[in-house]
Amino acid sequence: MSETTQPEHLQRKLGARHLNMIAIGGSIGTGLFLASGATIANAGPGGALLAYCLIGVMIYFLMTSLGELATHNPTSGAFFTYGTKYVEGGFGFALGWNYWYNWAITVAFELVAVQFIMKFWFPDIPGFYWSAIFLAVVFGINALTVKGFGESEFLFSLVKVLAIIIFIVIGIFMIFKIMMTPGTEVFANWSKGEAPFVGGLSALIGVAMIAGFSFQGTEMVGVAAGESKDPQKTIPIAIKQIFWRILLFYVVCIFIIGTLIAYDDPRLLQAASSENITLSPFTLLYEKAGFAFAAGVMNAVILTAILSAGNSGMYSSTRMLFDMAKNGSAPKAFAKLDGRGVPMNALYATTAIAALCFLTTFIGEEQVFNWLLNMSGMCGFIVWLGIAVSHYRFRKGYIAQGNKLEDLAYRAKFFPFAPWFAFILCAIVVLGQNYQAVLAGDVLAVVSTYIGIFLFLVIWLGYKWKFKTKLVPYQEMDVRPMNVDREQ
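Quick look at the structure, then. These numbers were taken from a predicted model, which means no experiment stands behind them. (Residues numbered from 1 in each chain as written. Predicted model: local features only at pLDDT ≥ 70, side-chain atom pairs only at ≥ 80, totals over all residues. Heavy atoms only, no water.)

**Focus on the overall build of the protein chain**
Thought 1: Helix and strand content of the protein chain: 17 helices and zero strands.
Thought 2: For the protein chain, the residues scored as buried account for 60% of the 488 residues in total.
Thought 3: Pairs at least 24 residues apart make up 82% of the contacts formed inside the protein chain by residues separated by at least 6 positions.
Thought 4: Split by element, the accessible area of the protein chain, about 19100 Å² in all, is 68% carbon and sulfur. (Helix = DSSP H or I, 4+ residues; strand = E, 2+ residues; numbered from the N terminus. Buried < 20%, exposed > 50% of the residue type's maximum accessible area, 1.4 Å probe, protein only. Contact = heavy atoms within 4.5 Å. Areas by Shrake-Rupley, 256 points an atom, 1.4 Å probe, with all protein chains shown as cover.)

**Quick word on the nonpolar core**
For soluble globular proteins, the rule of thumb is that nonpolar side chains tend to be buried together.
Thought 1: By size, the foremost hydrophobic cluster in this structure holds 135 residues, and its most contacted members are Met-58 and Trp-384.
Thought 2: Here the element with the most residues in this core is helix α4 (residues 89-119); it accounts for 19 residues.
Thought 3: Residues within four places of Trp-384 in sequence aside, it is in contact with Met-58, Ile-59, Leu-62, Gly-212, Phe-215, Gln-216, Glu-219 and Cys-426.
Thought 4: In this structure, Ala-51, Ala-203, Leu-204 and Val-207 belong to the second largest nonpolar core, which totals five residues. (Core = buried A, V, L, I, M, F, W, Y, C linked by side-chain atoms within 4.5 Å.)

**Quick word on the packing of helix α6 (residues 146-175) against helix α12 (residues 294-326)**
Thought 1: Contact geometry of α6 with α12 gives a least axis separation of 9 Å together with a crossing angle of 145°. Judged by the twist between their axes, the crossing of α6 over α12 is left-handed. Across the interface between the two elements, Val-146, Phe-149, Ser-152, Glu-153, Phe-156, Ser-157, Val-159, Lys-160 and Ala-163 from α6 touch Val-301, Thr-304, Ala-305, Leu-307, Ser-308, Asn-311, Ser-312, Tyr-315 and Arg-319 from α12.
Thought 2: Residues belonging to the contact of α6 with α12 are distributed by class as follows: nine nonpolar, six polar and three charged. (Axes fitted to C-alpha atoms, helices over the stretch in contact; angles between N-to-C directions. Left-handed = near helix turned anticlockwise from the far one by under 90°. Nonpolar A, V, L, I, M, F, W, Y, C, P; charged D, E, K, R; others polar.)

**Here we look at the packing of aromatic side chains**
Thought 1: Using the criterion set out here, one finds 26 aromatic pairs in the structure.
Thought 2: Between Tyr-60 and Phe-61 the ring centres are 6.1 Å apart and the planes differ by 45°, which places this aromatic pair in the tilted class.
Thought 3: A relative accessible area of 19% places Tyr-60 in the buried class.
Thought 4: With relative accessibility at 8%, the residue Phe-61 sits in the buried group.
Thought 5: Through a chain of ring-to-ring contacts, the aromatic side chains of Tyr-60, Phe-61, Phe-414, Phe-417 and Phe-421 assemble into a single cluster.
Thought 6: Above the face of the Phe-415 ring, Arg-395 is positioned so that its terminal group lies 4.5 Å from the ring centre. (Phe/Tyr/Trp six-rings, centres within 6.5 Å; stacked < 30°, edge-to-face > 60°. Lys NZ or Arg CZ within 6 Å of the ring centre and 35° of its normal.)

**Digging into helix α17 (residues 443-467)**
Thought 1: The sharpest bend along α17 reaches about 65° and sits at Tyr-450.
Thought 2: Restricting attention to buried positions, one finds in α17 the residues Ala-445, Thr-449, Tyr-450, Gly-452, Ile-453, Phe-456 and Tyr-463.
Thought 3: Phi for Lys-468, located one or two positions after α17, is positive at around 55°. (Bend = angle between axes of the 7 residues up to and from the residue.)

**A short note on the environment of Glu-88**
Thought 1: Considering the arrangement of structural elements, one finds Glu-88 in the loop between α3 (78-86) and α4.
Thought 2: Judged by relative accessible area, which is 2%, Glu-88 ranks as buried.
Thought 3: Setting aside residues no more than four positions away along its own chain, Glu-88 makes contact with Gly-83, Trp-460, Lys-464, Thr-469, Lys-470, Leu-471 and Val-472.
Thought 4: Of the polar contacts made by the side chain of Glu-88, one reaches the backbone nitrogen of Gly-90; its length is 3.2 Å. (Polar contact = N/O pair within 3.5 Å; in protein donor to acceptor, adjacent residues only side chain to side chain.)

**Digging into the environment of Lys-160**
Thought 1: Considering the arrangement of structural elements, one finds Lys-160 in helix α6.
Thought 2: With relative accessibility at 0%, the residue Lys-160 sits in the buried group.
Thought 3: In this structure, the C-alpha to C-alpha distance between Lys-160 and Ala-305, residues 145 residues apart in sequence, is 6.4 Å.
Thought 4: A polar contact is formed between the side chain of Lys-160 and the side chain of Ser-308, at a distance of 2.9 Å.

**Here's the deal with the side chain of Thr-259**
Thought 1: For Thr-259, the location among the structural elements is in helix α9 (residues 231-260).
Thought 2: The exposure class assigned to Thr-259 is buried, which follows from its relative accessible area of 0%.
Thought 3: Side-chain polar atoms of Thr-259 contact the side chain of Trp-190, separated by 2.9 Å.

**Some points on the environment of Phe-394**
Thought 1: Within the secondary structure, Phe-394 is located in helix α14 (residues 365-400).
Thought 2: Taking the C-alpha atoms as reference points, Phe-394 and Asp-478, separated by 84 residues in sequence, lie 9.1 Å from one another.

**Focus: the side chain of Thr-350**
Thought 1: Note on placement: Thr-350 falls in helix α13 (residues 344-354).
Thought 2: Setting aside its immediate chain neighbours within four residues, Thr-350 contacts Trp-100, Ala-104, Met-314, Ser-317 and Thr-318.

**What about the packing of α4 against α17?**
Thought 1: One can describe the packing of α4 onto α17 by two numbers: an axis separation of 8 Å at closest approach and a directional angle of 140°. Crossing handedness for the pair α4 and α17: right-handed. Of α17, the residues touching α4 (which contributes Gly-89, Gly-90, Phe-91, Phe-93, Ala-94, Leu-95, Trp-97, Asn-98 and Tyr-101) are Gly-452, Leu-455, Phe-456, Ile-459, Trp-460 and Tyr-463.
Thought 2: The residue makeup of the contact of α4 with α17, split by class, is 11 nonpolar, four polar and no charged.

**What about α12?**
Thought 1: Its 33 residues place the ends of α12 48 Å apart at the C-alpha level, agreeing with the 48 Å of an ideal helix rising 1.5 Å per residue.
Thought 2: Across the 33 residues that make up α12, a large majority, 29, are buried.
Thought 3: Positive phi appears at Gly-328, one or two residues downstream of α12, with a value of about 85°. (Expected span 1.5 Å × (residues − 1).)

**Points about unusual backbone geometry**
Thought 1: Cis rather than trans, the peptide bond between Phe-415 and Pro-416 has omega equal to 5°.
Thought 2: With respect to the secondary-structure elements, Pro-416 resides in the loop between α14 and α15 (417-432).
Thought 3: Of note in this structure, Phe-414 is not a glycine but carries a positive phi near 60°.
Thought 4: Here Phe-414 is to be found in the loop between α14 and α15.
Thought 5: Backbone geometry at Lys-468 places phi at a positive 55°, although glycine is not the residue there.
Thought 6: By the secondary structure assignment, Lys-468 is in the segment after α17.

Below, the structure is given as C-alpha cells:
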C-alpha cells in the first residue's frame, strides 16, 4: 500500500488462536517464573496458595467484565475508551495514559532483566549491549504487520506454556514419589514451622501484590480486540478459557512449589532479587528431580518469557497511545498509520520510554531494576480497578436505556457481585500494600510504593479541573455496539 493510500484503521488480522495465546501468554513472565518463590517464602505455602486463588478469582471476574465490554465495543483504546464513555472523561484520560506508561516502563523493566539473564552465559559482556539487542528485536517485531506480531507472540507463549506443562508433570511425579528420594515426606513443608500460613494477614496482603504482578497482562486481550477477526466470537472464547488456565498455570504451580520446596529455603527469596534472577523456583525443583541441566534450560525459557512480555507490552502500549491520539487525548501525530497499518509514531514514542533500560549504564542495574518495578507495580491494579468500575457503570447504563441483556454478544456472569468483588479486593491490595511504611512515616518507602496512584490522580484531577468533566449519566451514555465492519 502506498503512502497516499494509508489505512485509517488498525487491521483486523488476529485470529482466535492468537487471542488465546495473548490472553495467557501476556501474563506468564518473570512474575510466575521468579517472583512466585518470594510469595511462598514470605507467606508460606498456604498463604501463597490463598493469595493466588483470591487474585485468580478476581482476574476471572475482571476478564468476564472486560469480555462484555470488548465484544460490545472492540477497540484498541479499551480501558481509555470504556473509562471515558461509561465513567468520566478525566477518568478515561488518566486510565489510558496510566496503561501506556505502565507497559512502556514494563518493557524497560524486562530489558533490564535481560541483562541479568544473559550474565549466566556471558558474564563479561556489559548488559547495555543485551538490552540494546533485545530492544531492537522487540521494536522490529512490532514494526511488522499485526499478523507478524500475533505469530511471534503465539510462538513465544507456546514455549512458556510447554515449559509449565512439563514442570507440572514432573512436580506431580515427585509428589507421588515417582521421582523423589525414598523416605521423603511429601507434605512435610505444609506443617513445618509456621506453615502453612506465615506472617499473618499483612504477609498475605503483601504477596497478593506479587501474585497480581504475575497476572498482569491478561487484560491485553481487551487491547488486542481492536485488531481481532470477528471479535464477537473470538473474544468470548479467549475469556472463557482464562479461568482454567489460571487454575492450571498458577494455582497448580504454586501448590507444587510450596509442597516440594520448604518455605524457609533461602534460595526462594534469592530468586526474586535482581542479583539472583537466574535462580528460579522452577530450576530448584528440576534440580531436586535430578536434572543437572535445569539451570541452563530454565534460563532459556525465562529469557523467552521476558522477550514475550516485552513484545506484548510494546504492542499494547503502542496501540493505547494510537487510540488516545485518534480520540484527541494524545498528540495527533501518534494516530498516523503506515502503509501496513502499524502506528509507527506511537511505536517510536513507546520505544523511547523503553530505552530507560539504558539508565543501568549510569545508575546501576540493581537500582534501575527496583525503580522500574516500583513504578509499574501499582499501575496494573489501577487498570483493573478501571475495568471493574467501567463494566459496572456500562451495565447500569445499558439497562437504564431499556436495552435487553439477551442482545449482548457476551454477557458477564455474577453481576453486580463480580465487579464489586474485584474492585474491593483491588483496593485492599493497593492501599494495604505498604501500610507499615505509612504508619512509620517512611516517606521514601511510601513514595516508591504509591507513586503510581499519585500520578494517576494528578492526571485525572488535572484533566477534570481543566475541562470541567462530570460523571456520565446513565441515560446519556453511548451504549451502542461498535460497528466492526470496517475496511481491511
